Amino acid sequence: MFSKKIFGMFGGNEQDVKIRFENRLIGVVLDRFGKDLSIRPVDKDHFDIRVRIVVSHPFFGWLSGLGAGVRILSPESVAEEYREFLRGILTQYEEEV
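This structure is a prediction, so every number in the text was calculated from the model and none was measured.

Here is what the cut-offs are and how they apply
Residues numbered from 1 in each chain as written. Predicted model: local features only at pLDDT ≥ 70, side-chain atom pairs only at ≥ 80, totals over all residues. Heavy atoms only, no water. Helix = DSSP H or I, 4+ residues; strand = E, 2+ residues; numbered from the N terminus. Contact = heavy atoms within 4.5 Å. Phe/Tyr/Trp six-rings, centres within 6.5 Å; stacked < 30°, edge-to-face > 60°. Buried < 20%, exposed > 50% of the residue type's maximum accessible area, 1.4 Å probe, protein only. Arc of directions from axis to C-beta. Pairing = 2+ DSSP bridges. Axes fitted to C-alpha atoms, helices over the stretch in contact; angles between N-to-C directions.

**A look at the environment of Ile19**
- Within the fold, Ile19 resides in strand β1 (residues 13-22).
- Distance from Ile19 to Ile72, taken between C-alpha atoms, is 4.5 Å for residues 53 residues apart in sequence.
- If we skip the residues at most four places from it in the chain, Ile19 touches Phe47, Asp48, Ile49, Val51, Phe59, Val70, Arg71, Ile72 and Leu73.

And the structure:
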């Protein structure tokens, strides 16, 4: 799969990840993961996907570029790793006390 090659070349653990997106991001998701992707509508504003990806900083960087329109639903360990990734970025912008 294309997404595995993109995120896989940077190393990391390969996992099945469930992600929720705002509908406005459907084109970005299809570009990244391909048209054979299983998409599950959640409500009028969101859809979920489940993809097997290599969990890595490049994957988290791609997600963070989508802003608040995306959320990792499971597994919780990947969601927590993403939160730690974001906290690490935020510490670069905290004022020194």
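The discussion continues.
**Topic: the packing of aromatic side chains**
- Scanning the model with the defined rule gives 7 aromatic pairs in all.
- For the pair Phe33 and Trp62, a centre-to-centre distance of 5.5 Å together with 90° between the ring planes defines the contact as edge-to-face. Here Phe33 is found in helix α2 (residues 26-33), whereas its partner Trp62 is found in helix α3 (residues 57-65), with 29 residues between them in sequence.
- The buried category is assigned to Trp62, whose relative accessible area is 13%.

**Quick look at α3**
- Those residues of α3 that fall on the buried side of the exposure criterion are Phe59, Phe60, Trp62 and Leu63. Seen along its axis, α3 keeps its buried residues to an arc of 155°; they face one direction. Residues His57 and Gly65 are exposed on α3 and point more than 90 degrees away from its buried face.

**A short note on the sheet that holds strand β3 (residues 46-55)**
- Ordered in space as β2-β3-β1-β4, the 4 strands form an open sheet in which the pairing is antiparallel. Taken across any chain shown, the strands that pair with only one partner, and hence form the sheet edges, are β2 (39-41) and β4 (70-74). Going from strand to strand, the sheet's axes swing by 35° on average, the running direction of each strand aside.
- Pairing of β1 with β4 involves 4 bridges; the strand directions are antiparallel. What sits directly across from Ile19, in β4, is Ile72.

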